[in-house]
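The lines below spell out each chain.
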Amino acid sequence: MTAKISHDIAERILAWYARHQRDLPWRKSLDPYHIWVSEVMLQQTQVETVIPYYQRFLSCFPTVQALASASLPEVLKAWENMGYYARARNLHAAAKEIMKRFQGEIPQTWDDLTALPGIGDYTAGAILSVAFDQSAAAVDSNVRRVLCRLFAVETPLHESRTQQHLWGLAWGLIPIKGTGRFNQGLMDLGATVCTPKKPACVLCPIQDCCRAYKRRLQDVLPVTRKRGPIPHRQVTAAVIWNDCGRVLIARRPNQGLLGGLWKFPGGKQNPGESLATCLRRHVREELGIQVRVRRPITSVNHAYTHFRITLHAFHCAHRAGEPQPLTCADWRWTTLSRLKNFAFSKADRKIICAISSPKGACQD
Ligand code: SF4
């Protein structure tokens, strides 16, 4: 592709973006902190879902300093239900590092940004181009799809050679002026016109440059990997009551899928194991106590990216032993009404809803 065609594509994207850009709260700000928070939230979460979380998060932590001064449980509480909690943990860790190494100023170089926890090439490119108006490509899943079609890239999307090729193509397109608007334009084009299924090519500003369109490949590109069946796990959760009417909760270690969140003790069922045996085993391994398993509360289905679970919750009575944090990070006896102050996963929130509701069950 010649420099003139690249220039022409960039100009059309900029003109299209000026007329059709989505009205999003983080677009009203050029504050690098606001842009950083929005970009982290938008990884793996839909725009409509992100908006209220973004507004609430910024009202809780309006500056890098406020975020760095907060405790991790406070940050996780503000992130509760948005999933992919490593993003919140990394955001918090990076804010602390920015306070320590950069006196609270978000760094303005690629190397400094990508050295921070949770900031990869895409986020660095978005912050540099949008907040600091620097020439930097930003290739997210929407941009990847547009580029694969525009240049008819037929190698599988997940392969690293394809990823490198796409970054090279993106760098080749960025204009001298208005890189941030150009990157946002490509993202919006992928989100609203060049969609995963049935792209609206008739509305596309770069249709006559699009190699996939010319070769009628827009419905088969990008080439993605076929997913195998998603494993389904049976998992147990114990709502353990003591004689004072308090409930025992445990905090997960900070690493892993739901790291740092609170939970009801319990875990994955082994083959051939009954749910009651599974519960007693996990409670013993996690907290070193013995419980009596009583009546079932509810069974909750939940899907994560790579697996699904059915979470079976039971009322249990504390029988013996003082809780100790054996495999969990912390534990607490608390009242039903105080559970709302702790950050739980979506599946655990459904159990809380079931034990708080007079009908005993909540919507899945
Ligand atoms: Fe996507 Fe169609 Fe535009 Fe090509 S012409 S970039 S396939 S919307």
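If you're wondering where the values come from, they're calculated on a predicted model, not measured in any experiment.

A. Representation of the packing of helix α2 (residues 32-42) against helix α6 (residues 86-102) in the model. Close contact between α2 and α6 brings their axes to 10 Å; oriented N to C, the two are set at 155 degrees. When the axis of α2 is compared with that of α6, the two are roughly antiparallel. Every pair of crossing elements has a handedness; the one defined by α2 and α6 is right-handed. Within the contact between the two elements, α2 uses Trp 36, Val 37, Val 40 and Met 41 and α6 uses Arg 87, Leu 91, Ala 94, Ala 95 and Ile 98. For the contact of α2 with α6, the class distribution of residues is 8 nonpolar, no polar and 1 charged.

B. Summary view of the side chain of Thr 310. Mapped onto the secondary structure, Thr 310 falls in strand β5 (residues 308-320). At a separation of 2.8 Å, a polar atom in the side chain of Thr 310 contacts the side chain of His 232. Dropping the residues within four chain positions of it, Thr 310 is found in contact with His 232, Arg 233, Gln 234, Val 235, Ser 299, Val 300 and Asn 301.

C. A look at the packing of aromatic side chains. In the structure shown here, the tally under the stated rule is 9 aromatic pairs. Consider the rings of Tyr 33 and Trp 36, whose centres lie 6.2 Å apart with planes at 70 degrees: the pair is edge-to-face. In this pair, Tyr 33 and Trp 36 both sit in helix α2, 3 residues apart, roughly one turn of the helix. Considered together, Tyr 33 and Trp 36 belong to a single accessibility category, that of buried residues. Between Trp 110 and Trp 171, the ring centres sit 6.1 Å apart and the planes meet at 45 degrees, which makes this aromatic pair tilted. On the criterion of sequence distance, the pair formed by Trp 110 in helix α7 (residues 110-114) and Trp 171 in helix α10 (residues 160-173) is long-range, its members being 61 residues apart. Exposure remark for Trp 110: the relative accessible area of 23% places this residue in the partly exposed category. Of note, Arg 233 hangs over the ring of Phe 307, and the distance from its end group to the ring centre comes to 3.9 Å.

D. Spotlight on the environment of Lys 198. Relative to the helices and strands, Lys 198 is located in the loop between α11 (179-192) and α12 (211-214). Separated by 15 residues in sequence, Lys 198 and Tyr 213 have C-alpha atoms that sit 12 Å apart.

Rules behind the numbers
- Residues numbered from 1 in each chain as written.
- Predicted model: local features only at pLDDT ≥ 70, side-chain atom pairs only at ≥ 80, totals over all residues.
- Heavy atoms only, no water.
- Axes fitted to C-alpha atoms, helices over the stretch in contact; angles between N-to-C directions.
- Helix = DSSP H or I, 4+ residues; strand = E, 2+ residues; numbered from the N terminus.
- Parallel < 35°, antiparallel > 145°, perpendicular 65-115°, else oblique.
- Left-handed = near helix turned anticlockwise from the far one by under 90°.
- Contact = heavy atoms within 4.5 Å.
- Nonpolar A, V, L, I, M, F, W, Y, C, P; charged D, E, K, R; others polar.
- Polar contact = N/O pair within 3.5 Å; in protein donor to acceptor, adjacent residues only side chain to side chain.
- Phe/Tyr/Trp six-rings, centres within 6.5 Å; stacked < 30°, edge-to-face > 60°.
- Buried < 20%, exposed > 50% of the residue type's maximum accessible area, 1.4 Å probe, protein only.
- Lys NZ or Arg CZ within 6 Å of the ring centre and 35° of its normal.

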